[in-house]
Structures are given as structure tokens and as C-alpha cells.
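Structural overview
Spelled out, the chains give:
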Amino acid sequence: MGSVVASDPDGDARDWERFVQALKESRRMVAMCDAYEFPRDALSLLPYDCVVFPNVPADVFDAVQLTALRDAVYNQGTGYLMIGGRN
């Protein structure tokens, strides 16, 4: 299992580069996507232990994507990590 890191399409790669590098160095599977590509159903998140939003504002996701995230965390036990920043 691994993590999916959803980035801000208009953001700065420095918000997530070192974090992703550390995950990979610890031999974790890491999938990257931008907010527009983030899954729209909870079952698509089933292969991951954790979803990470590094400095990503909520308004780049639509309501269906956020519902899928909530369902994955609440019903499937998927972890969720939000890394702060100006967004």
C-alpha cells in the first residue's frame, strides 16, 4: 500500500517535492495527481493507506471529490494528511 499525493494545479512543486522524496526513500509507493485528476469515488482510493493534500485549497476540488475523500476516510479507514501552507 502507499499514499496518493494530490497537488494544487496552480501551486508550487516545492510544497510537496521533499515530502514525496522522503516517502519514496522510505520505500513507500507514492502516486501523484493534481486536484483535477483526484478520484471522484471512494473505491478508487481503496489501494492507498493515506491521502495527502500539501498546501492545496479546498476550492480546487469539487463536491463529489470531497465526498469521495470523506467516504474513504470515514468508511474505509483511509488516512488523511493535510500539510499546511498559505492555502
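Let me sum up the structure you'll find in this document. This one's a predicted model, so the numbers in the text were calculated from it and none came from an experiment.

Remarks on the sheet that holds strand β1 (residues 2–7)
In spatial order, the strands read β2-β1-β3-β4; together these four strands make up an open sheet with parallel pairing. Two strands close off the open sheet at either side, each with one partner strand: β2 (29–34) and β4 (79–83). This sheet shows a mean twist of 20 degrees between the axes of neighbouring strands, independent of strand direction. Those strands touched by helix α1 (residues 17–25) are β1, β2, β3 (48–54) and β4, and its axis lies near 155 degrees from that of β2.

Topic: the packing of aromatic side chains
Counted according to the given criterion, the structure contains four aromatic pairs. Centre to centre, the rings of Phe38 and Phe61 are 5.6 Å apart; their planes meet at 75 degrees, and the pair counts as edge-to-face. In this pair, Phe38 sits in the loop between β2 and β3 while Phe61 sits in the loop between β3 and α2 (63–76), placing the two residues 23 residues apart along the sequence. As far as burial versus exposure is concerned, Phe38 and Phe61 are alike and both buried.

Concerning the nonpolar core
Val4, Ala6, Phe38, Leu45, Val51, Phe53 and Phe61 are the most contacted members of the largest nonpolar core, which totals 16 residues. Residue assignment for this core shows that the elements contributing at least two residues are β1, β2, β3 and α2. If one sorts the elements of this core by residue count, β3 sits on top with three residues. Every residue in contact with Val4, bar those within four places of it in the chain, is listed here: Ala31, Cys33, Leu45, Tyr48, Cys50, Val51 and Val52.

Concerning the pairing of β2
In the sheet, β1 pairs with β2 via six bridges, with the strands oriented parallel. Paired with Ser7 across the bridge in β2 is Asp34. The handedness of the β1 to β2 crossover, carried by α1, is right-handed.

A look at the pattern of salt bridges
As a working rule, side chains carrying opposite charge can pair if their charged atoms are close by. On inspection of all chains with the given rule, the structure shows four salt bridges. Put simply, Arg14 and Asp12 hold a salt bridge, and the shortest N to O gap is 2.5 Å. Close ionic contact of Asp62 with Arg40 constitutes a salt bridge, the shortest N to O distance being 2.2 Å. With Asp62 in the loop between β3 and α2 and Arg40 in the loop between β2 and β3, this residue pair connects regions lying 22 residues apart in the sequence.

Reading the values: the criteria
- Residues numbered from 1 in each chain as written.
- Predicted model: local features only at pLDDT ≥ 70, side-chain atom pairs only at ≥ 80, totals over all residues.
- Heavy atoms only, no water.
- Pairing = 2+ DSSP bridges.
- Helix = DSSP H or I, 4+ residues; strand = E, 2+ residues; numbered from the N terminus.
- Axes fitted to C-alpha atoms, helices over the stretch in contact; angles between N-to-C directions.
- Contact = heavy atoms within 4.5 Å.
- Phe/Tyr/Trp six-rings, centres within 6.5 Å; stacked < 30°, edge-to-face > 60°.
- Buried < 20%, exposed > 50% of the residue type's maximum accessible area, 1.4 Å probe, protein only.
- Core = buried A, V, L, I, M, F, W, Y, C linked by side-chain atoms within 4.5 Å.
- Right-handed = clockwise from strand over helix to strand, strands pointing away.
- Salt bridge = Lys/Arg side-chain N within 4 Å of Asp/Glu carboxyl O.

Everything listed here is a matter of geometry and, on its own, says nothing about what the molecule does.
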